[in-house]
Amino acid sequence: GTADGTAVIHSGDGEATQTTLMVESPVTGVSFSSDGGRILTTEDGGPARLWDAATGAELGSFGDAPSAASFSPDGALVLTVEPGGARVWQVEDGELVASLDQPDAVLEASFGAGGDLVATVGTGSVARVFDPRTGELYFVRSSPAFEGWRILVSRCTEQGWAAAQPPVFAGDGV
């Protein structure tokens, strides 16, 4: 992405330009779907935009002014990082699926590798794990002296608490 509001998609050999995305503000982030067919961009003061990677056609938008956006592993959902929390959206129709609200600002958010968890990291040394389809909060870890992130997740079922498992996150994740 560039400061002039364009994002240029190049072929794998780096030689040919496949398409140019005309974004309305300076581009602040970009993310590809796992199949490479769609692209998300974030921009200064604008929504996350969904694009067709082959044609450059805009397919939709998500949120008001997210600082970051990413696809779920299956490409069916979009996760945006916004003031006051993270939001999960359906790609097909742009409908809000869940608001992952928290009292502190969200700095980063990531889908788990299976797409059934979202981890957020906020200011104030707080990490939270949510269900992306319901917004249910599963786990909170907070400590002012906490200098690194190690998240263990446990689910409560009808049979009681399951053994804690370290989640595996897609991409750069938490």
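Since this is a predicted model, take the numbers as computed values, not measurements. (Residues numbered from 1 in each chain as written. Predicted model: local features only at pLDDT ≥ 70, side-chain atom pairs only at ≥ 80, totals over all residues. Heavy atoms only, no water.)

Trainee: Talk me through the environment of Leu-40; I want residue IDs and the actual numbers.
Mentor: Along the polypeptide, Leu-40 turns up in strand 4 (residues 38-43). C-alpha separation for the pair Leu-40 and Ser-61, spaced 21 residues apart in sequence, amounts to 8.8 Å. When neighbours within four sequence positions are excluded, Leu-40 is seen to be in contact with Gly-29, Val-30, Ser-31, Arg-49, Leu-50, Phe-62, Ala-69, Ser-70, Phe-71 and Val-78. (Helix = DSSP H or I, 4+ residues; strand = E, 2+ residues; numbered from the N terminus. Contact = heavy atoms within 4.5 Å.)

Trainee: Just give me the short version of the pairing of strand 6 (residues 58-62), but keep the residues and values in it.
Mentor: Bridging between strand 5 (residues 48-52) and strand 6 involves 4 bridges; their strand directions are antiparallel. Bridge pairing in strand 6 places Trp-51 opposite Glu-58. In sequence, strand 5 turns back onto strand 6 through a hairpin of 5 residues, with Gly-56 there showing a positive phi of about 80°. (Pairing = 2+ DSSP bridges.)

Trainee: Give me the environment of Gly-135: which residues, what numbers.
Mentor: The topology assignment puts Gly-135 in the loop between strand 13 (126-130) and strand 14 (137-142). Residues in contact with Gly-135, not counting those within four places in the same chain, are Ala-98, Ser-99, Leu-100 and Phe-130.

Trainee: Explain the sheet that holds strand 5 to me, and be specific about the residues and the numbers.
Mentor: Strand pairing in a sheet takes place through backbone hydrogen bonds and is either antiparallel or parallel in direction. Spatial strand order, 3-4-5-6: 4 strands in an open sheet with antiparallel pairing. The sheet is open, and its two edges are formed by strand 3 (27-32) and strand 6, each paired on a single side. Each strand axis lies, on average, 20° off the axis of its neighbour in the sheet, ignoring direction. (Axes fitted to C-alpha atoms, helices over the stretch in contact; angles between N-to-C directions.)

Trainee: Please set out the sheet that holds strand 10 (residues 96-101) residue by residue, giving values where relevant.
Mentor: Across the sheet, which stays open at both edges, the 4 strands sit in the order 7-8-9-10 with antiparallel pairing between neighbours. If you trace the sheet from one side to the other, it starts and ends with strand 7 (68-71) and strand 10, each paired once. Between one strand and the next, the sheet's axes are offset by a mean angle of 15°, whatever the strand orientation. Note that strand 9 (residues 85-90) and strand 10 share 5 bridges and pair antiparallel. Bridged to Ala-86 within strand 10 is Leu-100.

Trainee: Describe the side chain of Ser-72, with residues and values.
Mentor: Residue placement: Ser-72 occurs in the loop between strand 7 and strand 8 (77-82). Polar contacts involving the side chain of Ser-72 include one to the side chain of Asp-74, which spans 2.6 Å. Within the structure, Ser-72 has its side chain in polar contact with the backbone nitrogen of Ala-76 (distance 3.3 Å). (Polar contact = N/O pair within 3.5 Å; in protein donor to acceptor, adjacent residues only side chain to side chain.)

Trainee: Any details on the environment of Ser-72? Residues and values, ideally.
Mentor: A residue is classified by how much of its surface remains accessible, and Ser-72, at 3% relative accessible area, is buried. Along the backbone, Ser-72 and Pro-132 are 60 residues apart, and their C-alpha atoms lie at a distance of 9.6 Å. If we skip the residues at most four places from it in the chain, Ser-72 touches Leu-77 and Phe-111. (Buried < 20%, exposed > 50% of the residue type's maximum accessible area, 1.4 Å probe, protein only.)

Trainee: With reference to specific residues and values, describe the nonpolar core.
Mentor: Buried together is how nonpolar side chains tend to be arranged in soluble globular proteins. By size, the foremost hydrophobic cluster in this structure holds 12 residues: Leu-77, Leu-79, Val-81, Ala-86, Val-88, Ala-98, Leu-100, Val-106, Ala-109, Phe-111, Val-118 and Phe-130. Among the secondary structure elements, those contributing two or more residues to this core are strand 8, strand 9, strand 10 and strand 11 (106-111). Not counting residues up to four positions away in its chain, the partners in contact with Leu-79 are Ala-68, Ala-69, Ser-70, Ala-86, Arg-87, Val-88, Leu-100, Ala-109, Ser-110, Phe-111 and Val-118. Ranked by size, the runner-up nonpolar core spans 9 residues in total, among them Ala-48, Leu-50, Phe-71 and Val-91. (Core = buried A, V, L, I, M, F, W, Y, C linked by side-chain atoms within 4.5 Å.)

Trainee: Outline the pairing of strand 11, listing residues and values.
Mentor: The pairing of strand 11 with strand 12 (residues 118-122) spans 5 bridges and is antiparallel. In the strand pairing of strand 12, Ala-109 is matched with Thr-120. Turn length for the strand 11-strand 12 hairpin, with the two strands adjacent in sequence and antiparallel, is 6 residues, and the turn residue Gly-115 shows positive phi of about 80°.

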